[in-house]
2 protein chains.
Amino acid sequence: MEIKLERVLPTEIEKRSMEIIESELPHPIDPALAPIIKRCVHTAADFDYVDNLCFSDGVLEKALAAIQKGAFIITDTTMAKSGINKTELAKYGGEAHCFIADEDVRACAKANGSTRAVAAMEKAAALDKPLIFAIGNAPTALVKLYEMIEEGRLKPELIIGVPVGFVNVVQSKELIMTADVPYIVARGRKGGSNIAAAICNALMYILRDQNK
Amino acid sequence: MEIKLERVLPTEIEKRSMEIIESELPHPIDPALAPIIKRCVHTAADFDYVDNLCFSDGVLEKALAAIQKGAFIITDTTMAKSGINKTELAKYGGEAHCFIADEDVRACAKANGSTRAVAAMEKAAALDKPLIFAIGNAPTALVKLYEMIEEGRLKPELIIGVPVGFVNVVQSKELIMTADVPYIVARGRKGGSNIAAAICNALMYILRDQNK
């Protein structure tokens, strides 16, 4: 078998990828949300994201406004934080944070018999900043966010709810979609730290393209 | 609709997830390779990894031996590096490295009109260590590794070839499988930094479980 590499300039690879994704979409998608949907498809090479992504009413405008006012992005994994374009985020004064490995978070989780993800959400909620939560791993984090919102202790600008997995993942996403909060959720089992970061980046690239 | 959370102790979530995966496997899988395959399914909630993962002859023994002798793991993204269990790796003297953001790598890529991933592979190849490459993003990195192996300039212990995407991804994986090198490859478009890290971790957890 002959293996033939496509000749594409390094700077053109993403553009070409997006064209391929566009050409293979199973059905038309909302043009305003397309950059988010297509970036998720791109990140996992998985067209399931065309149909599993759920957006609350008016979430795009709210999300972009939050980034523009310097919202901090809180992740539940260092991997998601690592995937977020911090240079782009810093343009608006924003920062990405993950508290999962912090010593006080460990201690708190141990004391409460809870997960470190839950303790990390508690710590984040105490920040005096507009907050975007990007949850790609821990359903327990998403459930904790739901509880804090319901208790009136937390009012995030946006929740990106894309934990991946088999235990309480589906339920945690359904739960957060019942809360009074702007959300972007990947319904079902799929998601991940890479998808969480991809959605954050897609939002920032929408802003960047608007300002071109 | 009532949303019912499953009661599972935080420490039991992964075990329960693996049981669910086991129960939903589309067909029996090689028990020796099962921990790797199941961890990939777990990472993406995607059973495609049951059939797209390809293993070179005897790769498991070679991969475990490499880790045991303190091989360094080289990734093509900071995200993959971030997902690798460095504490576990350090038990054997190993380290995880990603050179993609290094100043000399940037400069070299620019000078050569190449990708930073290619320049990062060049830099890694110069290390005087047993090397495992875990490529979850850049097909150009995988092609570069192929070329260096063919030229006799590089003899890695293992290549984890799981870039994700739409341009030259499929081809780069087919190419590396023709090289004389132990490999674990996710055939097709799927993969990612998360999958690259998951495979590294799966290998380390196999060793950990053997030593229990």
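(A) Here's a closer look at the packing of aromatic side chains. Enumeration according to the criterion identifies two aromatic pairs over all chains in this entry. Centroid distance Phe47 of chain A to Phe166 of chain B: 6.0 Å. Interplanar angle 80°. Geometry classified as edge-to-face. Of this pair, Phe47 of chain A sits in the loop between α2 (34-44) and α3 (49-52) while Phe166 of chain B sits in the loop between β5 (158-161) and α10 (169-176), which puts the two residues in different chains. Phe47 of chain A gets classed as partly exposed once you look at its relative accessible area, which sits at 21%.

(B) Structural view of the relation of the copies chain B and chain A. The transformation that overlays chain B on chain A combines an axial shift of 0.0 Å with a rotation of 180°, and the residual RMSD is 0.0 Å. Overall, the copies show the geometry of a two-fold rotation axis. In terms of C-alpha distance to the rotation axis, chain B has Met79 of chain B as its closest residue, with the C-alpha 2.6 Å off the axis. Comparing interface residues between copies, 100% of those in chain B also lie at the interface in chain A; the contact surface is shared.

(C) Layout of the interface of chain B and chain A. Across the contact, 44 residues belong to chain B and 45 residues belong to chain A. The contact between chain B and chain A buries some 3,400 Å² in all, and 69% of this surface belongs to carbon and sulfur atoms. Here chain B is connected to chain A by four salt bridges. The closest approach of N and O atoms between Lys190 of chain B and Asp46 of chain A, which form a salt bridge, is 3.7 Å. The tally of links between chain B and chain A comes to eleven residue pairs in polar contact (both at pLDDT 80 or more). Of all the secondary structure elements, the ones that give two or more residues to the side of chain B that touches chain A are α1 (13-24), α2 (34-44), α5 (78-83), α10 and α11 (193-210) of chain B.

(D) Main features of the packing of helix α8 (residues 116-125) of chain B against helix α9 (residues 139-150) of chain B. Residues and elements named next belong to chain B. Between α8 and α9, the shortest axis-to-axis distance is 8 Å and the interhelical angle comes to 40°. Relative to α9, the element α8 lies oblique. Relative to α9, the crossing made by α8 is right-handed. When α8 is examined against α9, the residues Ala117, Val118, Met121, Glu122 and Ala125 are found in contact with a partner set consisting of Thr140, Ala141, Lys144, Leu145 and Met148. Of the residues belonging to the contact of α8 with α9, the class tally is seven nonpolar, one polar and two charged.

(E) Region of interest: the pattern of salt bridges. According to the stated counting rule, one finds 40 salt bridges over all chains in the structure shown. Between Glu103 of chain A and Arg106 of chain A there is a salt bridge; the shortest N-O distance is 4.0 Å. Pair noted here: Glu103 of chain A and Arg106 of chain A are both in helix α7 (residues 103-112), with a separation of three residues, about one helical turn. Two residues, Glu174 of chain B and Arg187 of chain B, come together in a salt bridge whose shortest N-O distance is 2.7 Å. Of this pair, Glu174 of chain B sits in helix α10 while Arg187 of chain B sits in the loop between β6 (183-186) and α11; the two residues are 13 residues apart in sequence, bridging distant segments of the chain. When its relative accessible area of 43% is taken as the criterion, Arg187 of chain B is described as partly exposed.

(F) Representation of the sheet that holds strand β1 (residues 53-55) of chain B within the structure. All names here are of chain B. If you walk across this open sheet you meet the six strands as β1-β6-β5-β4-β2-β3, and the pairing is mixed. In this open sheet, the two edge strands, each paired with only one partner strand, are β1 and β3 (96-98). Strand-to-strand twist of the sheet, defined as the mean angle between neighbouring strand axes without regard to direction, takes the value 15°. Where strand β2 (residues 72-75) lies against β3, three bridges are found, and the strand directions are parallel.

(G) Representation of the environment of Leu131 of chain A in the model. All names here are of chain A. Looking at the element boundaries, Leu131 is found in strand β4 (residues 131-135). Exposure remark for Leu131: the relative accessible area of 4% places this residue in the buried category. Each C-alpha atom of the pair Leu131 and Ile73 lies 6.0 Å from the other, and the pair is 58 residues apart in sequence. Setting aside anything within four residues of it in sequence, one finds Leu131 in contact with Phe72, Ile74, Ala124, Ala125, Leu154, Pro156, Glu157 and Leu158.

(H) Seen up close, the pairing of strand β6 (residues 183-186) of chain A. Residues and elements named next belong to chain A. Along β6, one buried face is formed by Tyr183 and Val185 and the opposite face, lined by Ile184 and Ala186, is buried too. By the bridge criterion, three bridges tie strand β1 (residues 53-55) to β6 in an arrangement that is antiparallel. Within the sheet, the bridge partner assigned to Phe55 lies in β6 and is Ile184. Across three bridges, strand β5 (residues 158-161) lies against β6 in parallel orientation.

(I) Structural detail: the pairing of strand β2 (residues 72-75) of chain A. Residue and element names in this part refer to chain A. Burial along β2 is two-sided: the residues Phe72 and Ile74 and Ile73 and Thr75 are all buried. As paired elements, β2 and β4 share four bridges and run parallel to each other. In the sheet register, Ile73 faces β4, and the bridge partner there is Ile132.

(J) Quick peek at unusual backbone geometry. One non-glycine residue, Asn168 of chain A, adopts positive backbone phi at about 65°. Inspection of the secondary structure assignment puts Asn168 of chain A in the loop between β5 and α10 (169-176).

(K) Layout of the sheet that holds β2 of chain A. Residues and elements named next belong to chain A. One open sheet holds the six strands; their spatial order is β1-β6-β5-β4-β2-β3, and the pairing between them is mixed. If you trace the sheet from one side to the other, it starts and ends with β1 and β3 (96-98), each paired once. Direction aside, the axes of adjacent strands within the sheet are offset by 15° on average.

(L) Expanded view of α2 of chain B. Residue and element names in this part refer to chain B. Counted residue by residue, α2 has ten buried out of eleven residues, so it is predominantly covered. Within α2, burial applies to Ala34, Ile36, Ile37, Lys38, Arg39, Cys40, Val41, His42, Thr43 and Ala44. Remark: Ala45 follows α2 within two positions and exhibits a positive phi of approximately 50°.

Definitions and limits used
- Note that residues are indexed from 1 along each chain, following the sequence as it is written.
- Chains carry letters from A onward and ligands carry numbers from 1 onward, assigned in written order.
- Only residues with pLDDT of 70 or above have their local features reported here, since the model is predicted, and side-chain atom pairs are shown and tallied only from 80 upward, although totals for entire chains, interfaces and linings are computed over all residues.
- Heavy atoms throughout the structure, all of them, feed into the side-chain values; hydrogens and water do not.
- Each Phe, Tyr or Trp ring, with Trp reduced to its six-membered ring, pairs with another whose centre is within 6.5 Å; inter-plane angles below 30 degrees give stacked pairs, above 60 give edge-to-face pairs, and intermediate values give tilted ones.
- Numbering of helices and strands starts at the N terminus; helices are DSSP runs of H or I of at least 4 residues and strands are runs of E of at least 2.
- Each residue's exposure class comes from its accessible area (1.4 Å probe, protein chains only) as a fraction of the maximum for that residue type: buried when under 20%, exposed when over 50%, partly exposed otherwise.
- Residues reaching a pLDDT of at least 70 in both copies supply the C-alpha atoms on which the copies are superposed by least squares.
- Note on definitions: a residue-residue contact is assigned when non-hydrogen atoms from the two residues lie within 4.5 Å.
- A 1.4 Å probe defines the accessible area here, and the buried area is the portion of it lost by two parts on being joined, summed over both.
- By salt bridge we mean one thing: a side-chain nitrogen of Lys or Arg within 4 Å of a carboxyl oxygen of Asp or Glu.
- Under this definition, polar contacts are N or O atom pairs within 3.5 Å; protein pairs additionally need one hydrogen-donor-capable and one acceptor-capable atom, and for neighbouring residues in sequence, both atoms have to be side-chain atoms.
- A fitted line through C-alpha atoms serves as each axis, taken over the contacting stretch for helices, and the angle formed by two N-to-C directions is quoted from 0 to 180°.
- Reported orientations rely on four angle classes, namely roughly parallel under 35 degrees, roughly antiparallel over 145, roughly perpendicular from 65 to 115, and oblique for the rest.
- Helix crossings get a hand from a simple test, with the near helix turned counterclockwise from the far one by less than a right angle marking a left-handed crossing and a clockwise turn marking a right-handed one.
- Classification used: nonpolar for Ala, Val, Leu, Ile, Met, Phe, Trp, Tyr, Cys and Pro, charged for Asp, Glu, Lys and Arg, polar for all others including Gly.
- By this definition, two strands are paired if DSSP reports at least two bridges between them.

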